Amino acid sequence: MRPTFATVSLEAIASNYRLAKSLAPASKSIAVIKANAYGHGMVKVARHLQDMVPAFAVAFIDEAVQLRDAGINKPILVLQGVHRAADLAEVVAKDLWLMLNQQQQIEWVLSARLAGPVRAWLKLDTGMHRLGISPEKLDQACEDLGSSVNVQPGLVLCTHLACADDLKSSMTRQQVGLIRSSTAKYNFELSIANSAAILHWPEAHAGWNRPGYMLYGSCPTGSFDNVAAGLQPAMGMYSEIIAIRNLKPGDAVGYGLDWVASKPSKIGTIAIGYGDGYPRHAPSGTPVSVNGQRVPLVGRVSMDAIGVDLSGFEDVKIGDRVELWGKSITVNELASAAGTIGYEILAGLTGRVPIHYRDE
Ligand SMILES: *Cc1c(COP(=O)(O)O)cnc(C)c1O
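What counts and how
- Residues numbered from 1 in each chain as written.
- Predicted model: local features only at pLDDT ≥ 70, side-chain atom pairs only at ≥ 80, totals over all residues.
- Heavy atoms only, no water.
- Pairing = 2+ DSSP bridges.
- Helix = DSSP H or I, 4+ residues; strand = E, 2+ residues; numbered from the N terminus.
- Near = heavy atom within 4 Å.
- Polar contact = N/O pair within 3.5 Å; in protein donor to acceptor, adjacent residues only side chain to side chain.
- Areas by Shrake-Rupley, 256 points an atom, 1.4 Å probe, with all protein chains shown as cover.
- 1 Å grid on protein atoms, 1.4 Å probe; cavity = no way out; pocket = protein on both sides within 12 Å on 5 of 7 lines; lining within 4 Å.
- Sits in = over half its atoms within 2 Å of the grid points.
- Nonpolar A, V, L, I, M, F, W, Y, C, P; charged D, E, K, R; others polar.
- Points joined across faces, edges and corners; volume = space filled by probe spheres on them.
- Salt bridge = Lys/Arg side-chain N within 4 Å of Asp/Glu carboxyl O.
- Buried < 20%, exposed > 50% of the residue type's maximum accessible area, 1.4 Å probe, protein only.

**Focus on the pairing of strand 16 (residues 293-298)**
Each regular strand shows side chains that alternate between the opposite faces of the sheet. Examined bridge by bridge, strand 15 (residues 287-290) and strand 16 share four bridges and lie antiparallel to one another. Within the sheet, the bridge partner assigned to Val290 lies in strand 16 and is Gln293. Taken together, strand 15 and the strand that follows it, strand 16, pair antiparallel across an intervening segment of two residues, in which Asn291 is found at a positive phi of about 50 degrees. Of the pairings in the sheet, the one linking strand 16 to strand 17 (residues 306-309) comprises two bridges and is antiparallel in character. Its bridge partner lying in strand 17, Val298 is registered against Gly307.

**Structural notes on the site of the ligand**
In the vicinity of the ligand, the contacting residues are Lys34, Tyr38, Leu79, Lys123, His160, Asn194, Ser195, Arg210, Pro211, Gly212, Tyr213 and Tyr343. Here an oxygen atom of the ligand and a side-chain polar atom of Lys34 are 2.7 Å apart. For the ligand, an oxygen atom lies 2.8 Å from a polar atom in the backbone of Tyr213. Starting from 380 Å² of accessible surface for the ligand in isolation, the protein chains cover 89%. Assessed atom by atom at 2 Å from the grid points, the ligand resides in the largest pocket. For the shell around the ligand, the class distribution of residues is five nonpolar, four polar and three charged.

**Brief notes about empty space enclosed by the protein**
Taken as a whole and judged by the stated rule, the model has one cavity of 30 Å³ or more. Estimates place the volume of the largest cavity at around 50 Å³. Taken together, His40, Tyr216, Ser218, Pro233, Ala234, Met235, Trp325, Gly326, Val331 and Leu346 make up the lining of the largest cavity.

**With respect to the pattern of salt bridges**
Per the counting criterion, the structure on display carries 13 salt bridges. Close ionic contact of Asp87 with Arg84 constitutes a salt bridge, the shortest N to O distance being 2.8 Å. A salt bridge links Glu203 to Arg173; its shortest N-O distance comes to 2.8 Å. Taken together, the residues span a long stretch of sequence, with Glu203 in the loop between helix 9 (195-200) and strand 10 (208-209) and Arg173 in helix 8 (residues 171-183) at a distance of 30 residues. Glu203 sits in the partly exposed class, given a relative accessible area of 28%. Given a relative accessible area of 56%, Arg173 falls into the exposed group. One network of salt bridges, in which partners are shared, links Arg2, Asp276, Asp304 and Arg352.

Laid out in structure tokens, this is it:
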């Protein structure tokens, strides 16, 4: 009954996926749907995309199991691999693709007794320095995995780019150069590109690309202009004005009374807060769209409510429609105002927000 909800267009996600494919026609594109498909509903998104994608990627086994339980039978790559040797049994049982991110994970596979061989991707650390084996260890790893009965023939060699969203950085070319040179003597497929590299670094396109954020319709560089990039934002976040009051100069708004009216002001209260995933750090001045007009947030974001300054919009009344992000205010614009990235806002949508799927 609360007037706060998100809308998701599954067709927009499909269209963004087609764009990712058309930008890299020689690559296979694995749809990354971790973190509940960046807040959009993992199972719904998987069902909608399954006939057009060769595979999905998630972060953890639990996410992959949830997809299998929902009847998704496409290949699913588990990006973080297993966190304990015992979980390898589940990888085989659910027929998952396994990323190997470090020596320990390789050793678990080599020494396991499995019901069958796994399909493995091997990650190289080409500069991000969190996951992946160093390129000097590649030969040994290929030899060990190649002779193991636990591994299907044919690895995919993979790396993750640290700075692909920074179009001025030289790091992406360095990382692409390093993975290409250190794997040149093998005949294995490569996987390098995330969304930013699909859009901006064609030299990173390889056998398998891994688009995530762009599928949901925003620019991974943080640009507000998804239209120019050909992307359609899939999610809109909506609520309503639930109260309106007139303040005198000197009256203040919200917890801590942080925002003080400097002139007579008309303040609207909206039924959304950080309990829904609206960023608590969004400062006064962050744009909010009321009846299609941009007005500034005033005062601190609380768990269930925010305030906006409606001065000058005399016709706004209780029950009027508010867009927090979507088409008028892109998630990147909101993120930029709140000092974060759109990824965090989308992935931070909380379970109490109902999602209305526009294509059903
Ligand atoms: C999340 C993730 C991706 C997708 O990145 P985007 O920037 O969302 O496109 C690709 N590869 C790996 C290993 C990831 O963890």
